[in-house]
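# Close look at the chain arrangement
Here is how the chains run, residue by residue.
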There are 2 protein chains.
Amino acid sequence: MKCVGCKGEAEIKILQPFCKECFKKHYLRRVKRLIQKFNMIEKKDKIVVAVSGGKDSLACAQALYSLGFEISVLHIDVGIKECWSPKAKEVTEKFCKEKNIPFYFASFEEFFDIDAKKFFEASRRPICATCGMLKRALFNKFARENNFNKIATGHCADDVAKYFFKSIVASTEESFFWLSKLKPITPSTHKKIVTRIRPILEMLEVENLAFSKFNNINVAGCVMCSYFQRKDKITEILRKIDEKFPDFKIKVVKMLEKINFESEKEIQECEICGEPTKNKICTICKIKKRIEK
Amino acid sequence: MKCVGCKGEAEIKILQPFCKECFKKHYLRRVKRLIQKFNMIEKKDKIVVAVSGGKDSLACAQALYSLGFEISVLHIDVGIKECWSPKAKEVTEKFCKEKNIPFYFASFEEFFDIDAKKFFEASRRPICATCGMLKRALFNKFARENNFNKIATGHCADDVAKYFFKSIVASTEESFFWLSKLKPITPSTHKKIVTRIRPILEMLEVENLAFSKFNNINVAGCVMCSYFQRKDKITEILRKIDEKFPDFKIKVVKMLEKINFESEKEIQECEICGEPTKNKICTICKIKKRIEK
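Calculation notes
- Residues numbered from 1 in each chain as written.
- Chains lettered and ligands numbered in written order.
- Predicted model: local features only at pLDDT ≥ 70, side-chain atom pairs only at ≥ 80, totals over all residues.
- Helix = DSSP H or I, 4+ residues; strand = E, 2+ residues; numbered from the N terminus.
- Buried ≥ 20, exposed ≤ 12 C-beta atoms within 10 Å, placed from the backbone.
- Contact = placed C-beta atoms within 7 Å.
- Nonpolar A, V, L, I, M, F, W, Y, C, P; charged D, E, K, R; others polar.
- Least-squares fit on C-alpha atoms with pLDDT ≥ 70 in both.
- Pairing = 2+ DSSP bridges.
- Axes fitted to C-alpha atoms, helices over the stretch in contact; angles between N-to-C directions.
- Core = buried A, V, L, I, M, F, W, Y, C linked by C-beta atoms within 7 Å.
- Right-handed = clockwise from strand over helix to strand, strands pointing away.
- Parallel < 35°, antiparallel > 145°, perpendicular 65-115°, else oblique.
- Left-handed = near helix turned anticlockwise from the far one by under 90°.

### Things to note about the overall build of chain A
For chain A, the helix and strand inventory stands at 12 helices and 11 strands. Counting only C-alpha atoms and orienting by the principal axes, one finds that chain A spans roughly 65 × 45 × 35 Å. Expressed as a percentage of the 293 residues in chain A, the buried residues total 38%. Long-range pairs, those at least 24 residues apart, make up 69% of the contacts in chain A between residues at least 6 apart in sequence.

### Overview of the interface of chain A and chain B
Taken residue by residue, the interface counts 21 residues in chain A and 21 residues in chain B. If you list the elements that add at least two residues to the side of chain A that touches chain B, you get α7 (157-170), α10 (233-244), α11 (248-257) and β9 (259-261) of chain A. With six residues, the single largest contributor to the side of chain A that touches chain B is α10 of chain A. Residues belonging to the side of chain A that touches chain B are distributed by class as follows: 11 nonpolar, two polar and eight charged.

### Some thoughts on the relation of the copies chain A and chain B
Rotating chain A by 180° about the axis while translating it 0.0 Å along that axis superimposes it on chain B, leaving an RMSD of 0.0 Å. In the structure described here, the two chain copies are related by an operation that fits a two-fold rotation axis. The position closest to the rotation axis in chain A is occupied by the C-alpha of asparagine 260 of chain A, lying 2.5 Å away. Counting the interface residues of chain A, we find that 100% of their copies in chain B are interface residues as well, pointing to one common contact surface.

### Examining the sheet that holds strand β5 (residues 103-107) of chain A
Residue and element names in this part refer to chain A. As summarised here, the arrangement of the six strands in space is β5-β4-β3-β6-β8-β7, forming an open sheet in which the pairing is mixed. Each having just a single partner strand, β5 and β7 (185-186) make up the two edges of the open sheet. For strand β6 (residues 150-152) and strand β8 (residues 195-197), the ladder comprises three bridges, and the chain directions are parallel. Bridge pairing links alanine 152 to isoleucine 197 in β8.

### Thoughts on the sheet that holds strand β6 (residues 150-152) of chain B
The pairing of strands in a sheet comes from backbone hydrogen bonds and takes either a parallel or an antiparallel form. Residues and elements named next belong to chain B. Pairing within the open sheet is mixed, and its six strands lie in the order β5-β4-β3-β6-β8-β7. Single-partner strands in this sheet number two, and they are β5 (103-107) and β7 (185-186). Pairing analysis gives two bridges linking β7 to strand β8 (residues 195-197), with the strands arranged antiparallel. Its bridge partner being in β8, threonine 186 is matched across the sheet by arginine 196. Along the sheet face, helix α3 (residues 86-99) touches β4 (71-77) and β5 and points at about 170° away from the line of β4. Helix α6 (residues 127-145) rests against β3 (47-50), β4, β5 and β6 of the sheet, and its axis sits at about 140° to β4.

### Brief notes about the nonpolar core
In this structure, Val49 and Ala157 of chain A together with Val49 and Val160 of chain B are the most contacted members of the largest nonpolar core, which totals 159 residues. Per-element accounting of this core gives the leading share, seven residues, to helix α7 (residues 157-170) of chain B. Each residue touching valine 160 of chain B, except ones within four places of it in the same chain, is listed here: His155, Leu182, Leu201, Val252, Val253 and Leu256 of chain B.

### Here we look at the pairing of β4 of chain B
Residue and element names in this part refer to chain B. The element β4 is extensively covered by neighbouring structure, given that five of its seven residues are classed as buried. Pairing geometry for β3 and β4, over four bridges, is parallel. Bridge assignment links isoleucine 47 to a residue of β4, and that residue is isoleucine 71. Once you follow β3 into helix α2 (residues 55-66) and on to β4, the crossover reads as right-handed. With five bridges connecting them, β4 and β5 associate as parallel partners. If you follow leucine 74 over to β5, its bridge partner there is tyrosine 104. Handedness of the β4-α3-β5 crossover: right-handed.

### Re unusual backbone geometry
Phi at asparagine 39 of chain A takes a positive value of approximately 50°, unusual for a residue other than glycine. Note that asparagine 39 of chain A resides in the loop between α1 (20-37) and β3 (47-50). Within the chain, asparagine 147 of chain B stands out as a residue other than glycine whose phi angle is a positive 65°. Summarising the element assignment, asparagine 147 of chain B is placed in the loop between α6 and β6.

### Quick notes on the packing of α1 of chain A against helix α9 (residues 205-214) of chain A
Residue and element names in this part refer to chain A. Between α1 and α9, the least distance of the axes is 10 Å, while the angle of their chain directions is 125°. Here α9 runs oblique to α1, going by the angle between their axes. With respect to the hand of their crossing, α1 and α9 are arranged in left-handed fashion. When α1 is examined against α9, the residues Lys20, Phe23, Lys24 and Tyr27 are found in contact with a partner set consisting of Glu207, Ala210, Phe211 and Phe214. Residues belonging to the contact of α1 with α9 are distributed by class as follows: five nonpolar, no polar and three charged.

### Some points on the environment of serine 57 of chain A
Positionally, serine 57 of chain A belongs in helix α2 (residues 55-66). Serine 57 of chain A sits 98 residues away from histidine 155 of chain A along the chain, and the two C-alpha atoms are 7.5 Å apart.

### Thoughts on the pairing of β3 of chain A
Residue and element names in this part refer to chain A. Of the two faces of β3, both are covered, the one formed by Ile47 and Val49 as well as the one formed by Val48 and Ala50. Where β3 and β6 come together, three bridges link them in parallel fashion. Across the sheet, isoleucine 47 pairs through a bridge with lysine 150, a residue of β6.

### As for α9 of chain A
Because the α-helix completes a turn every 3.6 residues, residues three or four places apart line up on one side. Residue and element names in this part refer to chain A. Within α9, seven of the 10 residues are buried, leaving the element largely enclosed by the surrounding structure. Of all the residues in α9, the buried ones are Glu205, Glu207, Asn208, Leu209, Ala210, Phe211 and Ser212. Among the structural elements, β1 (12-13), α1, α2 and α7 are those in contact with the buried residues of α9. Immediately downstream of α9, the backbone of asparagine 216 shows phi near 55°, a positive value.

### Section: the environment of isoleucine 168 of chain B
With respect to the helices and strands, the residue isoleucine 168 of chain B is situated in helix α7. Taking the C-alpha atoms as reference points, isoleucine 168 of chain B and valine 206 of chain B, 38 residues apart in sequence, are found 24 Å from one another. Non-local contacts of isoleucine 168 of chain B, meaning those with residues more than four positions away in its chain, are made with Phe248, Lys251, Val252 and Met255 of chain A.

Structure follows, in structure tokens:
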């Protein structure tokens, strides 16, 4: 199998066969193109990359670093032992130290002044949804208070495709609202909301894994979220689609880039904590109140 | 198996088990709801239903008739023997005669003054795409010239879901443009374009088949398009999805109802025939010129 770049021996075949060096170049070229297409990053930007220590967010940080952007990294202890381990912090910190990237650390418990276990129990949503909500709120507040004007996340095509199918199945206003946000850039719509960028949104999970490996990055995987262990119905469908159209998930991302959904709720400030929310009281404060009772 | 309506013996189970009479009521209720939701039909409307003689378009005509709307029917001889037979005309004419519905007939060859075989050969598109283009043009011109202000077609959730996946795979501006048109109503955007309505867009093919059967309608199936014989990759994926989420296709329709796609080309009039087109010369005239050469 020959590399489509240099015609040398290929080491990997995801969509096309590549040798290690050509794959890295190809990966970076595509990330760079997406950044430029959406005017994601400007010179004066102060960017914080949210890094869990998994392959996707580390690939995102590595790509931005390799492309010469100045970044900082924020790592979060989510307070659930199935989803976070000291190893995740270790690999992220090591990654930053090696490259001289400023490393920040926060934990849900301290940041929000909550008991994570009680909070997750009191939330009526699935663990991953609650965790996602807390992460978004933390990223945003942390970035704003530390003078970052862009938050970069490691969302990739697999996340989008999966959420896309979930949204169709759920078929609710809420799910379509979120779908409309899953674009390479979500500009700030309120003075308290920091612009979000998703530089690797058109990359596949398997590409992120390869990119991490080829850059000799140690990654810490979250067992609950691992692609290779997922067994839900939507993942089964996506696997079937993968067999027929290996780049389908990337094309879903590209389609969503062109879509506008009707009706968006206006953003206001939570009456309790002042953070941006679509309701009078934000979900975090609602759950906190529920625990206090 | 009990009918979810009357609790009597169910005769069919598509999404839920129903007896014959309750299924018909349920079907009509859903069609009526869609018509009302999109304000599809107003009192003064003159509606022509495009009927191929297949289960979907006949179910559409039957539903509008059962709901008390005044309709006319237009049947087309598409000039390809694989896709049209005198039987298709026969069943459509019989359907109309029984119900006292005005029946109109047109053929591609006469209407466009073409040799169908040569035209399909000269077209660079697949047969079904060329046929679809000619149908749309004929419906529109026929309706306008005969004072109909609404064209109703038998497009259903299966068509939308299939086209939806095809559009993602194709990933072209053109395909996304068409996707944005696949809503229950496409209002006229030009004085020469007649508003299109799709009253059974949220119904499944299998539901249309059942509705036709339960109304004792003879249908003539197009062998090339038959759902049950399709073997392409997208159909295989849709079957897999069907297994997991039997109402997924309906939900795709509902999602597309909420979507707006960016960038639409402006409509102009063809320099040769004067019909509405997105280009200087419409595709039909382009192909005709190609044959003349």
